[in-house]
Amino acid sequence: MNITVIFFLGLIIALIGVVPPGLLNMTAAKVSLKEGYSRGIIFSVGVCLIVFLQTYIAAMLARYLSNHPHTVEILRQVAFVIFVLITIYFLFISKSNPKPDVEPHAKSKPSRFFQGMFLSAINVFPVPYQAYMTITIAGFGWFSFDAMSILTYCSGAATGTFVMLYVYIFFFDKIKNKNLTSQKNMNYSIGALTGIVAIITLINIIMGM
C-alpha cells in the first residue's frame, strides 16, 4: 500500500476520533484563548507526541492480534458490547453537570507542553480505538504491519490530531458561547461517535460469521 494513502488513513481516522468536543481539544482551545495562540500550539504538540506513541502501541497490539484471528473475533464482540454501553451512557445516562473552566495561572510554555503530554497520556481511548481501526483497515487490505507503514500511519494519526486541535484553537473564540460547547452536546457528540463505531463493529462481526 502506498505510504501516502496510509498517512492519510491515519490522519482521517485520528481526525474523526478527536472531532467530538472533549478534554484535549477544549483545553487546547481555552489555553489559546487565555494565554495566547503560541501556548495553545505548544500544548497541542505535547498532546500529539503522546498520540504518536499511543498509536504505535495500538499498531503493535493490532499486529499481534492479526496473527491470532480467533482472538480478534472475541475482542470484536467485547468491543461491540463496550461501545454500546458507552453510547448508552453518554446519550441517556450522563448528566450535563457544569465543569469548572481550565484556569491557566500563567503557566510557561514548557509546562503547557508537559501538560499536553500528561492529559493525552491519561486519555487511553486512542489505544483501543486505533488498535481496532488498524485491524479493520488491514482487513480491507489498506494497511500492512511493516515498520514503514506503521510509522507512516502513526505520523498521520499525530498530524490528524494536531489539525483538529488547531481547528478548535482557531474557531473556539467564535463558538465558545454556542451550544456546541455545552456539556450536554459534548456527551451527545461522544455518544454518536461511539454509536457509529459500534455499528461498524457489528457489521464486521456479522460479515465474519
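Basis of the calculations
- Residues numbered from 1 in each chain as written.
- Predicted model: local features only at pLDDT ≥ 70, side-chain atom pairs only at ≥ 80, totals over all residues.
- Heavy atoms only, no water.
- Patch = residues over 30% accessible without salt bridge, like charges linked within 9 Å, V, L, I, M, F, W, Y side chains within 5 Å.
- Areas by Shrake-Rupley, 256 points an atom, 1.4 Å probe, with all protein chains shown as cover.
- Salt bridge = Lys/Arg side-chain N within 4 Å of Asp/Glu carboxyl O.
- Helix = DSSP H or I, 4+ residues; strand = E, 2+ residues; numbered from the N terminus.
- pLDDT = per-residue confidence, 0-100.
- Contact = heavy atoms within 4.5 Å.
- Phe/Tyr/Trp six-rings, centres within 6.5 Å; stacked < 30°, edge-to-face > 60°.
- Buried < 20%, exposed > 50% of the residue type's maximum accessible area, 1.4 Å probe, protein only.

1. What about a nonpolar patch on the surface?
Item 1. Residues Tyr37, Val163, Tyr166, Val167, Phe170 and Phe171 make up a contiguous nonpolar surface patch of about 520 Å² in total accessible area.
Item 2. The element that contributes the greatest number of residues to the nonpolar patch is helix H7 (residues 147–175), accounting for five residues.
Item 3. By secondary structure assignment, the location of Tyr37 is in helix H3 (residues 37–66).

2. Digging into the confidence of the model for the chain
Item 1. In this model, the chain carries an average pLDDT of 80, and 80% of its residues clear a pLDDT of 70 or more.
Item 2. Within the chain, the element-level pLDDT minimum falls on helix H8 (residues 183–207), averaging 72, and the maximum on H3, averaging 91.
Item 3. Contacts from residues 97–106, a stretch scored under 50 in pLDDT, to residues over four places away or in other chains number 14 contacts.

3. As for the packing of aromatic side chains
Item 1. Applying the stated criterion to the full structure yields nine aromatic pairs.
Item 2. Each ring, one from Phe140 and one from Trp142, has its centre 5.0 Å from the other, and the planes form 25°; the classification is stacked.
Item 3. For Phe140, a relative accessible area of 48% puts it in the partly exposed group.
Item 4. One aromatic cluster is present, built from ring pairs that chain together Tyr37, Phe162, Tyr166, Phe170 and Phe171.

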